[in-house]
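Here is what each chain is made of, one letter per residue.
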Amino acid sequence: MFAVYADSFSKTDPLSALQLGERPDPDVPDGWTTVTVKAASLNHHDLFSLRGVGLREEALPMILGCDAAGLDEDGNEVVVHAVISDPSWSGDETFDPKRSLLSERYQGAMAAKVAVPRRNVVPKPASLSFEEAACLPTAWLTAYRMLFVQGGLKPGQTVLVQGAGGGVATALITLARAGGLQVLATSRDERKRARALEIGAHQVFETGARLPERVDAVMETVGAATWNHSLRSLRPGGIVVISGATSGPNPDSTELNRIFFLQLRVVGSTMGTSTELAQLVSFLDATGTKPLIDRVLPMAEARDGFAAMESGEVFGKVVFTRS
Ligand SMILES: NC(=O)c1ccc[n+]([C@@H]2O[C@H](COP(=O)([O-])OP(=O)(O)OC[C@H]3O[C@@H](n4cnc5c(N)ncnc54)[C@H](OP(=O)(O)O)[C@@H]3O)[C@@H](O)[C@H]2O)c1
């Protein structure tokens with residue numbers, strides 16, 4: 001079958017490790033099912049995989065992609081949940097120490113077909129296209145859990161989203177606005193700040209700019225480059241929820257004194273459960289909220305999408321389709 005895969009790693013030139021071509025059909029263990037992929041979306045995770053971060057050499061060649069929507073074996077329209085937990089695990093899948101994401105241990109979603117445990121498929125409502133549904137399993141689910149589960153945010157509260165252009169960040173802005181929050185966002189890029197206003201931010205700022213007032217919560221995916229600004233932007237007792245560190249994991253100062261003196265809460269967040277994916281799907285279906293798509297490309301042109309993400313020129317999700 002056709003697939004987009006990694007057959008080597010390159011820290012400096014990840015696209016040189018990217019391959020497009022034929023791969024064997026996926027193994028389907030007992031209790032698993034095959035989804036015929038209609039659309040798959042790109043995440044920063046896929047670039048990390050090509051750099052050899054989070055993917056072992058012994059696992060190569062590995063089909064990339066965490067996110068897909070398509071048809072199950074009975075022809076039902078489904079969204080794939082990308083967190084693969086151990087068969088013996090019950091409860092919150094994100095706490096399973098043996099969990100992996102599609103494309104880490106098991107072959108990923110950028111292919112004609114993907115195999116997943118039966119409990120990893122969630123019904124897709126008619127109100128979402130396959131392209132829109134394929135945006136949800138990683139970036140949008142991560143944003144949903146950050147805001148409403150780990151962040152526990154309620155309508156009327158204020159939230160700052162760092163790095164407005166990212167896949168997770170655009171999901172955070174859109175979901176926060178639809179959930180009744182006051183939304184502030186930062187970006188290094190003036191055009192991205194203007195787009196952030198269009199998709200729901202109430203106010204936008206240059207990265208690192210002083211805010212007019214302190215916020216209840218900050219959503220962090222940028223890491224070292226914005227960490228100190230995130231802490232400085234919180235009201236006493238505020239919460240920073242962090243799910244990524246694109247610019248690096250080691251800020252100049254962790255500002256421990258600020259954390260204890262202002263009684264700030266620092267909470268990690270990773271992906272979400274299949275129940276939360278179903279809740280997110282229902283949230284979008286009920287509110288009419290749509291994932292923001294930067295571009296849709298045939299899967300055979302996936303290299304262009306990877307290049308766009310690597311150069312930082314995307315705003316929203318990059319989606320690959322199979323006809
Ligand atoms: N824990 C999880 O479950 C989970 C799930 C999904 C993603 N993640 C992580 O979250 C992060 C974002 O993922 P994504 O797919 O949304 O990536 P992305 O689309 O590439 O977004 C990254 C954003 O970070 C900002 N940024 C990057 N370098 C920066 C710098 N030096 N200074 C300021 N801002 C910078 C940029 O915002 P501007 O250009 O607007 O400034 C950019 O749009 C990644 O680290 C990813 O691994 C984690």
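Just above sits the structure.
On a predicted model such as this, the values are computed, not experimentally measured, just so you know.

**Comments concerning the nonpolar core**
In terms of nonpolar packing, the biggest core is built from 45 residues, with Trp140, Leu147, Val159, Ile173, Leu175, Met219 and Leu280 touching the most fellow members. Within the residue set of this core, elements represented by two or more residues are helix 2 (130–133), helix 3 (136–150), strand 11 (158–161), helix 4 (167–178), strand 12 (182–187), strand 14 (215–220), strand 15 (234–242) and helix 8 (274–287). A per-element tally of this core places helix 3 first, with eight residues. Met219 has contacts with Met146, Leu147, Leu153, Val159, Leu160, Val161, Gln162, Leu172 and Val241, leaving out every residue within four places of it along the chain. Within the second largest apolar cluster, 37 residues are counted, among which are Ala6, Ala308, Met309 and Phe320.

**With respect to the layout of surface pockets**
Computed from the structure, the largest pocket encloses a volume of approximately 1200 Å³. Along its surface, the largest pocket is lined by 41 residues, and His44, Phe48, Val168, Thr221 and Thr246 are the ones closest to its centre. Within the residue set of the lining of the largest pocket, elements represented by two or more residues are helix 1 (44–50), helix 3, helix 4 and strand 12. When grouped by side-chain class, the residues that make up the lining of the largest pocket number 14 nonpolar, 23 polar and four charged.

**A few points about the pairing of strand 14**
Taking burial as the measure, the six residues of strand 14 include six buried ones, the bulk of the element. The sheet contact formed by strand 11 and strand 14 spans three bridges and is parallel. Pairing of Val161 across the sheet is with Met219, part of strand 14. Crossover connection from strand 14 via helix 6 (residues 227–232) to parallel strand 15: handedness right-handed.

**Details of the pairing of strand 6 (residues 77–80)**
Bridge count between strand 5 (residues 67–71) and strand 6: three bridges; the pairing is antiparallel. Bridge assignment links Gly70 to a residue of strand 6, and that residue is Val78. Adjacent in sequence and paired antiparallel, strand 5 and strand 6 are bridged by five residues, among which Gly75 carries a positive phi angle near 85°. As defined by bridge partners, strand 6 adjoins strand 10 (residues 121–123) across three bridges and the pair is classed as antiparallel. Residue pairing in the sheet places Val79 in a bridge with Val122 of strand 10.

**Some remarks on the site of the ligand**
Around the ligand sit 24 residues, and of these His44, Ser187, Lys192, Ser243 and Met271 come closest. Between an oxygen atom of the ligand and a main-chain N or O atom of Gly165, the distance comes to 3.0 Å. Interatomic distance of 2.8 Å between a backbone N/O atom of Val168 and an oxygen atom of the ligand. The site holding the ligand turns out to be the largest pocket. Of all elements in the fold, only helix 1, helix 3 and helix 4 reach the threshold of two or more residues within the shell around the ligand. Residue classes in the shell around the ligand are distributed as seven nonpolar, 15 polar and two charged.

**Some words on unusual backbone geometry**
Between Leu60 and the following residue, Pro61, the backbone shows a cis peptide bond with an omega angle of -10°. The phi torsion at Glu255 lies on the positive side, around 55°, for a residue other than glycine. With respect to the element layout, Glu255 can be found in the loop between strand 15 and helix 7 (256–261). Even without glycine at this site, Gln263 takes up a positive phi of about 55°. Looking at the element boundaries, Gln263 is found in the loop between helix 7 and strand 16 (265–268).

The rules we used
Residues numbered from 1 in each chain as written. Predicted model: local features only at pLDDT ≥ 70, side-chain atom pairs only at ≥ 80, totals over all residues. Heavy atoms only, no water. Core = buried A, V, L, I, M, F, W, Y, C linked by side-chain atoms within 4.5 Å. Buried < 20%, exposed > 50% of the residue type's maximum accessible area, 1.4 Å probe, protein only. Helix = DSSP H or I, 4+ residues; strand = E, 2+ residues; numbered from the N terminus. Contact = heavy atoms within 4.5 Å. 1 Å grid on protein atoms, 1.4 Å probe; cavity = no way out; pocket = protein on both sides within 12 Å on 5 of 7 lines; lining within 4 Å. Points joined across faces, edges and corners; volume = space filled by probe spheres on them. Nonpolar A, V, L, I, M, F, W, Y, C, P; charged D, E, K, R; others polar. Pairing = 2+ DSSP bridges. Right-handed = clockwise from strand over helix to strand, strands pointing away. Near = heavy atom within 4 Å. Polar contact = N/O pair within 3.5 Å; in protein donor to acceptor, adjacent residues only side chain to side chain. Sits in = over half its atoms within 2 Å of the grid points.

Nothing here speaks to function; it is geometry throughout.
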